[in-house]
Amino acid sequence: MKMSILHLPTIRHHWGVLGTSSIYNIMTVNRFEEIKRFIHFNDNTTNTPNSYDKLFKVRPLLDQIRNILITVPKEEYLAVDEQIIPTKSKTSLKQYNSKKPHKLGYKVFVLSGVSGFSYDFEIFAGKQTNKMPDNCPSLSTSSNMVIKMAQTIPRLKNYKLFFDNRFTSLPLMVYLHKKGILPLGTARLNRLKGLTMPTKKEFQKEGRGTMCEKTTIIENVKISAVSWFDNQIVTVVSTYVGSQPIVEKKRFFRSLKTYKMIPCPKSVDVYNSYMGGVDLLDLMLGYYRISTKSNNGI
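These remarks concern the structure in this document. Being a predicted model, the structure only gives us computed values, none of them experimental. (Residues numbered from 1 in each chain as written. Predicted model: local features only at pLDDT ≥ 70, side-chain atom pairs only at ≥ 80, totals over all residues. Heavy atoms only, no water.)

## Notes on the overall build of the protein chain
Each helix and strand counted, the protein chain has nine helices and 11 strands in total. Dimensions of the protein chain, computed from the C-alpha atoms along their principal axes, are close to 70 × 55 × 35 Å. Across the 298 residues that make up the protein chain, the buried fraction comes to 41%. Taking as baseline every contact in the protein chain between residues at least 6 positions apart, the subset at least 24 positions apart corresponds to 52%. Charged side chains of the protein chain number 44 positive and 22 negative; the gap between the two group centres comes to 5 Å. (Helix = DSSP H or I, 4+ residues; strand = E, 2+ residues; numbered from the N terminus. Buried < 20%, exposed > 50% of the residue type's maximum accessible area, 1.4 Å probe, protein only. Contact = heavy atoms within 4.5 Å. Lys, Arg positive; Asp, Glu negative; His and termini not counted. Charge placed at Lys NZ, Arg CZ, Asp CG, Glu CD.)

Below you can see the structure in the form of structure tokens.
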């Protein structure tokens, strides 16, 4: 961790004339390299076929870090999103995501606050990641991950949880609301059965800032769906906030070469204000990447 903050050309430079005293006063370079060469976090012989875990070799370390994070008091506004930890190692766990700054690496699901602090995480490891606790329902592969991340959020305390359209579904919104967690997420219309919204052409006729709101009640839970047209159509679904009160946003109109204020639904404004916690976490981690090469056998 210290080496990720104080970058030098090579690891051995930390023991040089202009090295890092807090490192070379602890141990010699030969001792450090010996530990790095033989370090293990688990006993490989205990990973039996019946209980096979792709993250078995680092599971004790992951559990220890996670057990510390979940004890930290949480912020009111939380978000669940994907994160990519870049790696060049040859491993079956490596995933590709074209929408992330680092497109190839380990995919991690993160529960983060607006501050960028991670309160919980889970590394994607194939089918085993979709296994649900006994006290949780199984909805869909993506929605299940939000449910797992929400297990450590206090109930009936009006915590707000945000996620994007990869996770949003109506059963998920109902489940979270009944647990006392207030959800808000963007949505894909083909996942909202029975909902019809104006087409893009119909929105374009009305111009930027046009919106349409529809509500429904599922299992005594009121759900609001709002479609808003800016450059593209954005649809957000929530159980605690809708289009009102309308706010205004400043937008640039290329055809007129000037800025104008356009109406914006409250739910879209709230989503844009509090969804970026995981992206902020990615930004901060980017400044302190650990450059030490490793042979990842997980």
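## As for the environment of Met284
Its location among the elements puts Met284 in helix α9 (residues 277-286). Considered as a pair, Met284 and Phe117 are 167 residues apart in the sequence and their alpha carbons are 9.9 Å apart. Residues in contact with Met284, not counting those within four places in the same chain, are Ser115 and Gly116.

## What about the packing of helix α5 (residues 141-149) against helix α6 (residues 170-178)?
For the pair α5 and α6, interaxial distance at closest approach is 10 Å and the crossing angle is 15 degrees. Judged on the interaxial angle alone, α6 and α5 are roughly parallel. Where α5 crosses over α6, the handedness of that crossing is right-handed. Touching Ser143, Val146 and Ile147 of α5 are Leu172, Tyr175 and Leu176, all from α6. (Axes fitted to C-alpha atoms, helices over the stretch in contact; angles between N-to-C directions. Parallel < 35°, antiparallel > 145°, perpendicular 65-115°, else oblique. Left-handed = near helix turned anticlockwise from the far one by under 90°.)

## Re the pairing of strand β5 (residues 159-163)
The element β5 is extensively covered by neighbouring structure, given that five of its five residues are classed as buried. Bridge count between β5 and strand β6 (residues 181-186): five bridges; the pairing is parallel. Residue pairing in the sheet places Tyr159 in a bridge with Ile181 of β6. Regarding the hand of the β-α-β motif, the stretch spanning β5, α6 and β6 is right-handed. (Pairing = 2+ DSSP bridges. Right-handed = clockwise from strand over helix to strand, strands pointing away.)

## Digging into unusual backbone geometry
A cis amide bond, omega -5 degrees, links Gln244 with the succeeding residue Pro245. Relative to the assigned elements, Pro245 resides in the loop between β9 (233-238) and β10 (247-253). At Asn158, a residue that is not glycine, the phi angle is positive and equals roughly 60 degrees. Along the polypeptide, Asn158 turns up in the loop between α5 and β5. Using a relative accessible area of 47% as the deciding quantity, one classes Asn158 as partly exposed. Despite not being glycine, Lys257 has its phi angle at roughly 55 degrees, a positive value. Structurally, Lys257 can be placed in the loop between β10 and β11 (258-264). Since its relative accessible area comes to 70%, Lys257 is described here as exposed.

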